[in-house]
Amino acid sequence: YVNGVAKKHGEVSRLMFRGYHIDAITNGVHAATWTSPHFQELFDRHIPDWRQDNFSLRHATSIPGPEILEAHSRAKSQLLSYVNEHHKTAMSPEIFTIGFARRVTAYKRADLLFIDLERLEKLASRVGGLQLVYAGKAHPSDEEGKRLIRHILDLQRTLKDISIVFLRNYDLALAKLITAGVDLWLNTPQPPLEASGTSGMKAALNGVPSLSVVDGWWMEGLI
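Basis of the calculations
Residues numbered from 1 in each chain as written. Predicted model: local features only at pLDDT ≥ 70, side-chain atom pairs only at ≥ 80, totals over all residues. Heavy atoms only, no water. Helix = DSSP H or I, 4+ residues; strand = E, 2+ residues; numbered from the N terminus. Expected span 1.5 Å × (residues − 1). Buried < 20%, exposed > 50% of the residue type's maximum accessible area, 1.4 Å probe, protein only. Contact = heavy atoms within 4.5 Å. Phe/Tyr/Trp six-rings, centres within 6.5 Å; stacked < 30°, edge-to-face > 60°. Arc of directions from axis to C-beta. Pairing = 2+ DSSP bridges. Axes fitted to C-alpha atoms, helices over the stretch in contact; angles between N-to-C directions. Right-handed = clockwise from strand over helix to strand, strands pointing away. Core = buried A, V, L, I, M, F, W, Y, C linked by side-chain atoms within 4.5 Å.

One full turn of an α-helix is made of 3.6 residues, so residues set three or four places apart face in the same direction. An ideal rise of 1.5 Å per residue puts 33 Å on 23 residues; helix H4 (residues 65–87) measures up with 32 Å between its terminal C-alpha atoms. Taken as a whole, H4 has its buried residues at Ala 71, His 72, Ala 75, Lys 76, Leu 79, Leu 80, Val 83 and His 87. Where H4 is buried, its residues touch helix H3 (37–46), strand E3 (97–101), strand E4 (130–135), strand E5 (162–167) and helix H7 (172–181). Of the residues one or two after H4, Lys 88 is the one with positive phi, at around 55°.

On to the packing of aromatic side chains. Enumeration according to the criterion identifies six aromatic pairs in this entry. Measuring from centroid to centroid gives 5.4 Å for Phe 100 and Tyr 134, while their planes differ by 35°, and the two rings are tilted. Placement of the pair is Phe 100 in strand E3 and Tyr 134 in strand E4, with a sequence separation of 34 residues. Aromatic rings pair up to connect Phe 100, Phe 114, Tyr 134 and Phe 166 into one cluster.

Attention shifts here to helix H6 (residues 143–155). The first and last C-alpha atoms of H6 sit 19 Å apart over 13 residues, in line with the 18 Å expected at 1.5 Å per residue. What H6 keeps buried is the set Gly 145, Leu 148, Ile 149, Ile 152 and Leu 155. For H6, the arc enclosing every buried residue in end-on projection is 125°, short of the 170-degree limit, so these residues lie on one face. Of the surrounding secondary structure, the elements contacted by the buried residues of H6 are helix H5 (117–126), E4 and E5.

Let us now look at unusual backbone geometry. Here Pro 191 and Pro 192 are connected by a cis peptide whose omega angle stands at 0°. The topology assignment puts Pro 192 in the loop between strand E6 (184–187) and helix H8 (199–204). One non-glycine residue, Arg 109, adopts positive backbone phi at about 50°. Tracing the backbone through its elements, the reader meets Arg 109 in the loop between E3 and H5.

Adjacent strands of a sheet pair through backbone hydrogen bonds, lying either parallel or antiparallel. Pairing in this open sheet of five strands is parallel, and the strands run E5-E4-E3-E6-E7 from one edge to the other. The open sheet has two free edges, formed respectively by E5 and strand E7 (210–212), since each of these has just one partner strand. On average, adjacent strands in this sheet sit at an angle of 20° to one another, irrespective of strand direction. Two strands pair when backbone bridges link them, and E6 and E7 are joined in this way by three bridges, in the parallel orientation. By the bridge assignment, Leu 186 is partnered in E7 with Leu 211. Relative to E5, H6 is tilted by about 140°, and along the sheet it contacts E4 and E5.

Further remarks concern the pairing of E4. When you tally the buried positions in E4, you get six out of six residues, the bulk of the element. Going residue by residue along E4, you find Leu 130, Leu 132 and Tyr 134 tucked away on one face and Gln 131, Val 133 and Ala 135 tucked away on the opposite face as well. Two elements, E3 and E4, share five bridges in a ladder whose sense is parallel. Bridged to Thr 97 within E4 is Gln 131. Once the chain exits E4 it traverses H6 before rejoining the sheet at E5, and the crossover so formed is right-handed.

Now for the environment of Leu 79. Within the element layout of this structure, Leu 79 appears in helix H4. The spacing of Leu 79 and His 38 is 41 residues in sequence and 12 Å in space, taken between C-alpha atoms. Contact partners of Leu 79, with chain neighbours within four places excluded, come to Leu 177, Ile 178, Gly 181 and Val 182.

Now for the nonpolar core. If you look at the biggest cluster of nonpolar residues, it comprises 29 residues, and the most contacted ones within it are Leu 167 and Ile 178. Of all the elements in the fold, those that place two or more residues in this core are helix H2 (31–34), H3, H4, E4, E5 and H7. For Ile 178, the residues in contact, after removing those within four places along its chain, are Leu 79, Ala 101, Val 133, Ala 135, Leu 167, Tyr 170 and Trp 185. One finds Ala 124, Leu 130, Ile 152 and Leu 159 within the second-largest nonpolar core, a separate group that totals 20 residues.

Rendered as structure tokens:
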């Protein structure tokens, strides 16, 4: 039995391997693992059986906005406290914060946001600044992935009105902090190369919206 890990992945795989029957079973994430303690408390109050029945999370749309904002604010403060303590930065909870954390390799295009630096800096200036939280690891043999990390580190020292941090020692605990604590989740793979990509699901469990290329699982999440 052969399956892709998203509907689009199944379609692309059938084109690559003609003559084979290839189904699609879209990847998912374990909700209780990736929901921050702040949102767990919120869901426990409003959707008591959410751990047993993840489909019941569709009722999260009825949770009052101020309660969602409060839970998010607590998660964001927790993330930025970690960032400021471990990286000697001065990121503020008052400034819009974008997150990008995943394996660093060329097709995921971690530096796509910086294609037009002049435009990006104008946007940041207009909204009172911008904070970018990056994390991820490149395979030791992936020279292009390592170059992308160096490029982002170099940008830390050159941009105005934009604070950038590339967090060290990326692991599951750090991934949980980032997906829960940023204001926007950025996903920029080169279509149709993303098989599924589940980080945006983790962000969504914590009330964080995604800005994504239409590829992988996001083609279904967008519907």
